[in-house]
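Residue-level listing of the chains:
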Amino acid sequence: RKEVEQDPGPFNVPEGATVAFNCTYSNSASQSFFWYRQDCRKEPKLLMSVYSSGNEDGRFTAQLNRASQYISLLIRDSKLSDSATYLCVVNDGGFKTIFGAGTRLFVKA
Amino acid sequence: DAGVIQSPRHEVTEMGQEVTLRCKPISGHNSLFWYRQTMMRGLELLIYFNNNVPIDDSGMPEDRFSAKMPNASFSTLKIQPSEPRDSAVYFCASSLALGGLYGYTFGSGTRLTVV
């Protein structure tokens, strides 16, 4: 079993749609959780951290379920510019950070 | 803030040649990471440093790869001799906290092609 697993997609959605991604992790001792965004041929960029109580940043909402060991990212009112690969990232609280393989999103007009 | 700076942006080299990739982390960040990304394997951590000291190099594929961080503002990743299977995008990232506890900032990467 991979340490961090994501559905690779692609997710193809129209503009204005709501789309959600899930990610599961295997290490129950994991401490920090993030979503990164990577555009084609660019570097990954930190989108948002994920907190136990859930957190929101504009159209983006992230949630953590420690009991089931998954995190989610919800994007509301999708824009063309949201098209990218979304990487789920888990840190064990110390030295080890694991990146998921990413979920590809295409938003179409 | 100039961000994490990598050079060169692109490198094309012949098999057997030595390749040196360079990275300048964000000033004040005390952790530095080298990653490799390919379509097949995704992002792989090669090595990371904390306060200029290598902490974990278990991801370095083999002895052909070496990394140094002589000071807080500079790191190199060297491949000698290079092979076609080393072709990938190599990212450097830096972080304020040990192990990237609070997230990383990546450089724009070096796209390496070994022919």
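Higher on the page you've got the structure.
Asker: Which parts of the structure should I look at to understand the overall build of chain B?
Answerer: What chain B contains, in helices and strands, is zero helices and eleven strands. Order of helices (α) and strands (β) in chain B, N terminus to C terminus: β-β-β-β-β-β-β-β-β-β-β. Relative to a compact globule of 115 residues, whose C-alpha radius of gyration would be 13 Å, chain B shows 13 Å and is just as compact. Each of the three principal axes of chain B carries a C-alpha extent, and together these read 35 × 30 × 25 Å. The buried share among the 115 residues of chain B stands at 48%. Within chain B, counting contacts between residues at least 6 apart in sequence, those at least 24 apart form 55% of the total. Carbon and sulfur atoms form 51% of the exposed surface of chain B, whose accessible area is close to 5600 Å². Between the centroid of the 10 positive side chains of chain B and the centroid of its 11 negative side chains there is a distance of 4 Å.

Asker: Sorry if this is basic, but what is going on with the state of the cysteines here?
Answerer: Residue and element names in this part refer to chain A. Summed over all chains, the structure comprises two disulfides over all chains. Cys23 shares a disulfide with Cys88; S-S distance 1.9 Å. Residues Cys23 and Cys88 are joined through a disulfide that is left-handed, its torsion about the S-S bond being -70°. Of this pair, Cys23 sits in strand S3 (residues 19-25) while Cys88 sits in strand S9 (residues 84-91); the two residues are 65 residues apart in sequence, bridging distant segments of the chain. We classify Cys23 as buried; its relative accessible area is 0%.

Asker: Whenever I open this one, the interface of chain A and chain B confuses me. Can you help?
Answerer: When the parts of a complex come together, some accessible area is lost, and that lost area is often taken as the interface size. At the junction of the two partners, chain A supplies 16 residues and chain B supplies 17 residues. Buried surface at the junction of chain A and chain B, both sides included, amounts to about 1400 Å², of which 56% is carbon and sulfur. When residues of chain A are sorted by the area they lose upon contact with chain B, Glu43, Phe95 and Phe99 of chain A head the list and together hold 37% of the total. Seen at the junction of chain A and chain B, the total is zero salt bridges.

Asker: Sorry if this is basic, but what is going on with the sheet that holds strand S8 (residues 74-79) of chain B here?
Answerer: Strands pair in a sheet through their backbones, by hydrogen bonds, and they do so in one of two ways: parallel or antiparallel. Residue and element names in this part refer to chain B. Strands sit in the order S1-S3-S8-S7 across an open sheet of four strands; the sheet is antiparallel. Each edge of the open sheet carries a strand with a single partner, namely strand S1 (5-7) and strand S7 (65-71). Taken pair by pair, the neighbouring strands of this sheet meet at an average axis angle of 15°, ignoring direction. Here five bridges tie strand S3 (residues 19-24) to S8, and the two strands are oriented antiparallel to one another. Opposite Arg22, over in S8, you have Thr76 as the bridge partner.

Asker: Would you explain unusual backbone geometry in this entry?
Answerer: Across the chain, the bulk of peptide bonds are trans and the bulk of non-glycine residues have phi less than zero. Omega for the bond connecting Gly9 of chain A with Pro10 of chain A falls within 30 degrees of zero, at 5°, which places this linkage in the cis form. Of note, Pro10 of chain A is situated in the loop between strand S1 (4-6) and strand S2 (11-14). The omega torsion of the bond from Ser7 of chain B to Pro8 of chain B falls at -10°, within 30 degrees of zero and hence cis. Locating Pro8 of chain B in the fold gives a position in the loop between S1 and strand S2 (10-13). The backbone phi angle of Gln69 of chain A is positive, close to 60°, even though this residue is not glycine. If you trace the backbone, Gln69 of chain A turns up in the loop between strand S7 (60-65) and strand S8 (70-75). Since its relative accessible area comes to 17%, Gln69 of chain A is described here as buried.

Asker: What's the story with the packing of aromatic side chains in this structure? I'm lost.
Answerer: Evaluation of the coordinates by the stated rule reveals 15 aromatic pairs over all chains. For the ring pair Tyr25 of chain A and Phe33 of chain A, a centre distance of 4.9 Å and an interplane angle of 45° mean the geometry is tilted. Across the pair, Phe33 of chain A and Tyr25 of chain A agree in class, each one buried. Ring pairing ties together the aromatic residues Phe34, Tyr36 and Phe99 of chain A together with Phe33, Tyr35, Tyr48, Phe91, Tyr104 and Phe106 of chain B, which thus form one cluster.

Rules used throughout
Residues numbered from 1 in each chain as written. Chains lettered and ligands numbered in written order. Predicted model: local features only at pLDDT ≥ 70, side-chain atom pairs only at ≥ 80, totals over all residues. Heavy atoms only, no water. Helix = DSSP H or I, 4+ residues; strand = E, 2+ residues; numbered from the N terminus. Rg over C-alpha atoms; globule rule 2.2 N^0.38 Å. Buried < 20%, exposed > 50% of the residue type's maximum accessible area, 1.4 Å probe, protein only. Contact = heavy atoms within 4.5 Å. Areas by Shrake-Rupley, 256 points an atom, 1.4 Å probe, with all protein chains shown as cover. Lys, Arg positive; Asp, Glu negative; His and termini not counted. Charge placed at Lys NZ, Arg CZ, Asp CG, Glu CD. Disulfide = S-S within 2.5 Å. Buried area = accessible area lost by both parts, 1.4 Å probe. Salt bridge = Lys/Arg side-chain N within 4 Å of Asp/Glu carboxyl O. Pairing = 2+ DSSP bridges. Axes fitted to C-alpha atoms, helices over the stretch in contact; angles between N-to-C directions. Phe/Tyr/Trp six-rings, centres within 6.5 Å; stacked < 30°, edge-to-face > 60°.

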